[in-house]
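Residues per chain are reported as follows:
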Amino acid sequence: MRLTLCACAMMLALESGSAEPAAVGVLDGPETQPMRDGLQRVGVPVSGLKALDAASLAGCRVLVISGTEPPVKESDKPAIERFLEGGGSVLGVGRAAGRLIDLGLFDAETYTMTGTTVHMTVFDGYHRLTFGYPGAEPMGGWSSGVPHLLRATQGPFMKLGPAATSILIAGGPYSLAAFQRRGKGMLLLIGADPQGGQLFTEVDQSKPMPGSEIKTDGVLANAVAFLLDRRCNLIPNSGFEEFADLPPAQSNWSVETRGGAKSEWSKEGAPEGQTFLKLTSPEAGASADARPSCPIVVERGETYAFACRYRSTVPWKVAWQQYKTSGRDPEAEAGPTREVPASAEWTRFEVKIAVPPDVAYVRPVLTLAGAGELCVDAVTLCLDEGAQ
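Here's what I pulled together on the structure shown here.

Rules of the game
Residues numbered from 1 in each chain as written. Predicted model: local features only at pLDDT ≥ 70, side-chain atom pairs only at ≥ 80, totals over all residues. Heavy atoms only, no water. Helix = DSSP H or I, 4+ residues; strand = E, 2+ residues; numbered from the N terminus. Rg over C-alpha atoms; globule rule 2.2 N^0.38 Å. Contact = heavy atoms within 4.5 Å. Lys, Arg positive; Asp, Glu negative; His and termini not counted. Charge placed at Lys NZ, Arg CZ, Asp CG, Glu CD. Buried < 20%, exposed > 50% of the residue type's maximum accessible area, 1.4 Å probe, protein only. Pairing = 2+ DSSP bridges. Salt bridge = Lys/Arg side-chain N within 4 Å of Asp/Glu carboxyl O. Phe/Tyr/Trp six-rings, centres within 6.5 Å; stacked < 30°, edge-to-face > 60°. Axes fitted to C-alpha atoms, helices over the stretch in contact; angles between N-to-C directions.

**Focus: the overall build of the protein chain**
Now for step 1: When its secondary structure is counted, the protein chain shows 8 helices and 25 strands.
Now for step 2: For 388 residues, the compact-globule formula gives about 21 Å, and the C-alpha radius of gyration of the protein chain, at 23 Å, lands near that figure.
Now for step 3: Projecting the C-alpha coordinates of the protein chain onto the three principal axes gives extents of approximately 75 × 55 × 40 Å.
Now for step 4: Counting only contacts in the protein chain whose residues sit at least 6 apart along the sequence, the fraction spanning at least 24 positions is 73%.
Now for step 5: When the 35 basic and 44 acidic side-chain charges of the protein chain are each reduced to a single mean position, those positions are 2 Å apart.

Structure, rendered in structure tokens:
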């Protein structure tokens, strides 16, 4: 009876279409099971890929290459290029990131230490990859980026060329997470292993450290979400729902008041969710502004849609800071400024922002100047619909 039930279940699965290839395909190879386990933990269905050819990649939108010895040869390069040119995305993790760079598919040079190491990375900017970090209780109290990223498969540090953009830095000129457009597609390389793996405590002794234990599964989930839909919002905590009362690095938002102006995270009457930001200014010489605590990592030369919900008693402004490079103290250049009219009722404001081809990071600054009140919620920045 059990065999009959199993056979019927398999037939139903086939008839329902669940046997179709998943949108995310993982290339088989040595020590790729931690990646499969990680994707299962974050709820991403996957198909196993035996080869990199048109038949194997059919129906695949995100190709994941990982493991200690990724079976990617020079002869596979044309297939990967065609996949990218056609709009597919590639996630290269650990040693696979180095292999893709060696093949000339990603604009970077590599430096690889031996052994496994846990890294405390720093934000080059906020991105879909960074959502949820540092969080209310970051591991080790690390609030500058993503802590405890494990280099389990001896992935590289990346010294990026001009075509690639860094999201997480590992010290000096080296990135541990970066992306690059190729044709209609996208390459996202992470030199460490967010899914975790074996951590060697001594030369001949190791222990498993899954991403769920070191709290880096979120990076893996974010990476897949970004590659499946690059139009996704890039501003973390855009509705102010989490950590509003914590320091700016953990709330992802910085608010500055001058001349007696005040700010409040209001918990009643939000147009979306349960929290909105209220700025009040008592007189002509006072002002207040709000901005993401870090710049936002964007694609050079693309157009984005910036939007928010607001109500205000007076006109206010959205100004843009633009950065060509990242680092501890990047030099900001003034971008466009848009004046927003007053509105007694909650209303939606949206504007298109064309990113210059030499700009990789931007930051919106919402400013109330002079006597008045501004309430803001649901601040988002998304790749324009026509860009993907």
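**Considerations on the pairing of strand 1 (residues 24-27)**
Now for step 1: A two-sided burial pattern is seen for strand 1, the buried positions comprising Val24 and Val26 on one face and Gly25 and Leu27 on the other.
Now for step 2: Examined bridge by bridge, strand 1 and strand 3 (residues 62-65) share 3 bridges and lie parallel to one another. Residue Gly25 lies in a different strand from strand 3, and its bridge partner there is Leu63.
Now for step 3: Relative to strand 2 (residues 46-49), strand 1 is paired through 4 bridges, and the arrangement is parallel. Following the sheet pairing, Gly25 is matched in strand 2 by Ser47.

**A short note on the pattern of salt bridges**
Now for step 1: One pass over the structure, following the stated rule, counts 18 salt bridges.
Now for step 2: A salt bridge links Asp28 to Lys50; its shortest N-O distance comes to 3.0 Å. Taken together, the residues span a long stretch of sequence, with Asp28 in the loop between strand 1 and helix 2 (33-41) and Lys50 in the loop between strand 2 and helix 3 (54-57) at a distance of 22 residues.
Now for step 3: Classification of Asp28 by relative accessible area gives buried; the value is 18%.
Now for step 4: A salt bridge links Arg181 to Glu302; the shortest N-O distance between them is 2.5 Å. A residue pair is termed long-range when its members are at least 10 positions apart, and Arg181 in strand 11 (residues 174-182) and Glu302 in the loop between strand 19 (296-297) and strand 20 (303-312) qualify at 121 residues.
Now for step 5: For Glu302, a relative accessible area of 14% gives the class buried.
Now for step 6: Sharing partners across several salt bridges, the network here consists of Arg181, Arg230, Glu299 and Glu302.

**A few points about the packing of aromatic side chains**
Now for step 1: Scanning the entire structure with this criterion turns up 12 aromatic pairs.
Now for step 2: Each ring, one from Tyr111 and one from Phe157, has its centre 6.1 Å from the other, and the planes form 25°; the classification is stacked. On the criterion of sequence distance, the pair formed by Tyr111 in strand 5 (residues 108-111) and Phe157 in strand 9 (residues 157-160) is long-range, its members being 46 residues apart.
Now for step 3: Among the residues examined, Tyr111 registers a relative accessible area of 41% and is labelled partly exposed.
Now for step 4: Ring geometry for Trp316 against Phe349: centres 6.3 Å apart, planes inclined by 65°, an arrangement best described as edge-to-face.

**Quick notes on the sheet that holds strand 25 (residues 372-383)**
Now for step 1: Taking strand neighbours across the sheet as the criterion, the 5 strands line up as 16-17-25-20-23 in an open arrangement whose pairing is antiparallel. Unpaired on one side and paired on the other, strand 16 (262-266) and strand 23 (343-354) mark the two borders of the sheet. Within this sheet the neighbouring strands show an average axis-to-axis angle of 25°, counted without direction.
Now for step 2: Bridging between strand 20 and strand 25 involves 8 bridges; their strand directions are antiparallel.

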